[in-house]
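Spelled out, the chains give:
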Amino acid sequence: MVALSEFAPIGAMLLLAIVVGLLLLFISRILGPNKPTERKSAPYESGMKPIGPGTRRLPVRFYLIAVLFILFDIEVIFFLPWAVVFRKLGLFALVEMFIFIIILLVGYFYAWRKGALEWE
Amino acid sequence: MNIEITFETITFAIFGVLTLAGGIGVVTTRNLIHAALYLIVSLFGVAGIFILLAAPFLAAIQVLVYIGAIAILIIFGVMLTRGMTHLPERFNRQGGLAAVVVIGGFVVLLVGVILPVWGPNGAVAAEAQPIFMTTRDLGIALVDKEQFVLPFEVASVLLTAAMVGAIAIARDDESRD
């Protein structure tokens, strides 16, 4: 049985993070001087004048990177419960995980060979 | 019906409100990036409800995969489309009608599930099982010969197929440049 009280530390951390974040925003709002000029409120672009609209279409490579990230993320999700009980399971589980990883390595090497991991 | 006010009901209320408010934000905002951010709030509320349902592993997946990865994919998806956030004329004016139709359809379904209006249904609250799957049990089940070891290995094939498919779709064509 998973008791709800086991999650109290996570809840406390969440609350603390929210409170600290809001508090910092609030403090800087009241204490900080606020004198905006046109130059100051312009978007910062390495000290240069920004050119063109900020919301340009991104190249499709970003999509590829995001999908690859999701796939490897899901791999990690499979590792997690396995790693929790790994010591109890013995050799069979280790072999199972090796097969799992080898099949995934096929995809990984395909991505590598096709240059999907490179950024030019 | 008496609802006892306990710590659990309060947390459930907080996460329920987060989920619903995030959902309402998604469908009402006109800025797609803001909609994606509201979606993250909603998904976070669902993660909290998973914890209340004694499914901490699902909650971890919810945070890692849905908030961590799917939300990024959605935001990239928005940024790949042609400046959707700056074209108000693209939005049609049938939002109100669409909302009425969708809510109506959902209410019909909901009533059908709760009350036996259209014949008997199986929507009887199941007795709470005294078995709680922990992450430990899940790990054992994943590599047990008699349980889910085959689906576990097939999942890796599926992931590989998805990887190859994503590369085939999104890769720059070398012959073009």
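Residues numbered from 1 in each chain as written. Chains lettered and ligands numbered in written order. Predicted model: local features only at pLDDT ≥ 70, side-chain atom pairs only at ≥ 80, totals over all residues. Heavy atoms only, no water.

Asker: Lay out the overall build of chain A with the relevant residues and their values.
Answerer: Looking only at helices and strands, chain A has five helices and zero strands in total. Its helices and strands taken in sequence order, chain A reads α-α-α-α-α from the N to the C terminus. The C-alpha radius of gyration of chain A comes to 24 Å, more than 25% above the 14 Å expected for a compact globule of 120 residues. Viewed in the frame of its principal axes, chain A has a C-alpha envelope of about 65 × 50 × 20 Å. Split into buried and exposed, the 120 residues of chain A put 20% on the buried side. Surface exposure of chain A reaches about 9400 Å², of which carbon and sulfur atoms provide 70%. (Helix = DSSP H or I, 4+ residues; strand = E, 2+ residues; numbered from the N terminus. Rg over C-alpha atoms; globule rule 2.2 N^0.38 Å. Buried < 20%, exposed > 50% of the residue type's maximum accessible area, 1.4 Å probe, protein only. Areas by Shrake-Rupley, 256 points an atom, 1.4 Å probe, with all protein chains shown as cover.)

Asker: So what's going on with the interface of chain B and chain A? Residues and values would help.
Answerer: Each side of the interface is counted separately: chain B has 49 residues, and chain A has 49 residues. Carbon and sulfur atoms supply 82% of the area that chain B and chain A bury against each other, a total of about 4700 Å² over both sides. A per-residue breakdown of the area chain B buries against chain A is headed by B:Leu80, B:Leu159 and B:Met163, which together make up 14% of the total. Between the two partners, chain B and chain A, sit zero salt bridges. Between the two partners, chain B and chain A, sit two residue pairs in polar contact (both at pLDDT 80 or more). Here the side of chain B that touches chain A gets 14 residues from one element, more than from any other, and that element is helix 6 (residues 149-170) of chain B. Along the lines of polarity and charge, the residues of the side of chain B that touches chain A split into 32 nonpolar, ten polar and seven charged. (Contact = heavy atoms within 4.5 Å. Buried area = accessible area lost by both parts, 1.4 Å probe. Salt bridge = Lys/Arg side-chain N within 4 Å of Asp/Glu carboxyl O. Polar contact = N/O pair within 3.5 Å; in protein donor to acceptor, adjacent residues only side chain to side chain. Nonpolar A, V, L, I, M, F, W, Y, C, P; charged D, E, K, R; others polar.)

Asker: I'd like a rundown of the packing of aromatic side chains, residues and numbers included.
Answerer: Residues and elements named next belong to chain A. Taken as a whole and assessed by the stated rule, the structure comprises ten aromatic pairs over all chains. With centroids separated by 5.9 Å and ring planes inclined at 70°, the aromatic side chains of Tyr 108 and Phe 109 adopt a geometry described as edge-to-face. By relative accessible area, Phe 109 is classed as partly exposed at 43%. Through a chain of ring-to-ring contacts, the aromatic side chains of Phe 72, Tyr 108, Phe 109 and Trp 112 assemble into a single cluster. (Phe/Tyr/Trp six-rings, centres within 6.5 Å; stacked < 30°, edge-to-face > 60°.)

Asker: Any details on the packing of helix 3 (residues 61-84) of chain A against helix 6 of chain B? Residues and values, ideally.
Answerer: Following both chains from N to C, one finds helix 3 of chain A and helix 6 of chain B inclined at 170°, their axes separated by 9 Å at the closest point. In this view, helix 3 of chain A runs roughly antiparallel relative to helix 6 of chain B, as classed from their interaxial angle. Where helix 3 of chain A abuts helix 6 of chain B, its residues A:Tyr63, A:Leu64, A:Val67, A:Leu68, A:Leu71, A:Phe72, A:Ile74, A:Glu75 and A:Phe78 lie against B:Phe152, B:Ala155, B:Leu159, B:Ala162, B:Met163, B:Ala166, B:Ile167 and B:Ala170. (Axes fitted to C-alpha atoms, helices over the stretch in contact; angles between N-to-C directions. Parallel < 35°, antiparallel > 145°, perpendicular 65-115°, else oblique.)

Asker: Which residues make up the side chain of B:Thr160, and what are the values?
Answerer: Among the structural elements, B:Thr160 can be located in helix 6. Here the side chain of B:Thr160 touches B:Ser156 through a polar contact of 2.8 Å, landing on its backbone oxygen. Each residue touching B:Thr160, except ones within four places of it in the same chain, is listed here: A:Ile103, A:Leu104, A:Val106 and A:Gly107.

Asker: Go over the nonpolar core with me, naming the residues and quoting the values.
Answerer: Formed by 25 residues in total, the largest nonpolar core has its most connected members in A:Leu64, A:Phe78, A:Phe100 and B:Phe152. Top contributing element to this core by residue count: helix 3 of chain A, with eight residues. (Core = buried A, V, L, I, M, F, W, Y, C linked by side-chain atoms within 4.5 Å.)

Asker: If you had to explain the confidence of the model for chain A to someone new, which residues and values would you point to?
Answerer: Within chain A, residue pLDDT values average 81, and 92% of them lie at 70 or more. Highest mean pLDDT in chain A belongs to helix 1 (residues 8-31) of chain A (91); lowest belongs to helix 4 (residues 86-89) of chain A (78). (pLDDT = per-residue confidence, 0-100.)

Asker: Account for a nonpolar patch on the surface, naming residues and giving values.
Answerer: Together, B:Ile103, B:Phe106, B:Val107, B:Leu110, B:Val111, B:Val113, B:Ile114 and B:Leu115 make up a nonpolar patch on the protein surface, roughly 720 Å² of accessible area in all. Structurally, B:Ile103 can be placed in helix 4 (residues 95-114). (Patch = residues over 30% accessible without salt bridge, like charges linked within 9 Å, V, L, I, M, F, W, Y side chains within 5 Å.)

Asker: Can you break down helix 1 (residues 7-28) of chain B residue by residue, with the values?
Answerer: Residues and elements named next belong to chain B. End to end, helix 1 covers 31 Å across 22 residues, agreeing with the expected 32 Å (1.5 Å per residue, within 8%). Turning to helix 1, its buried residues number three or more, namely Thr 11, Phe 15, Gly 16, Thr 19, Gly 22 and Gly 25. Structurally, helix 1 contributes buried residues whose contacts are with helix 2 (32-52). (Expected span 1.5 Å × (residues − 1).)

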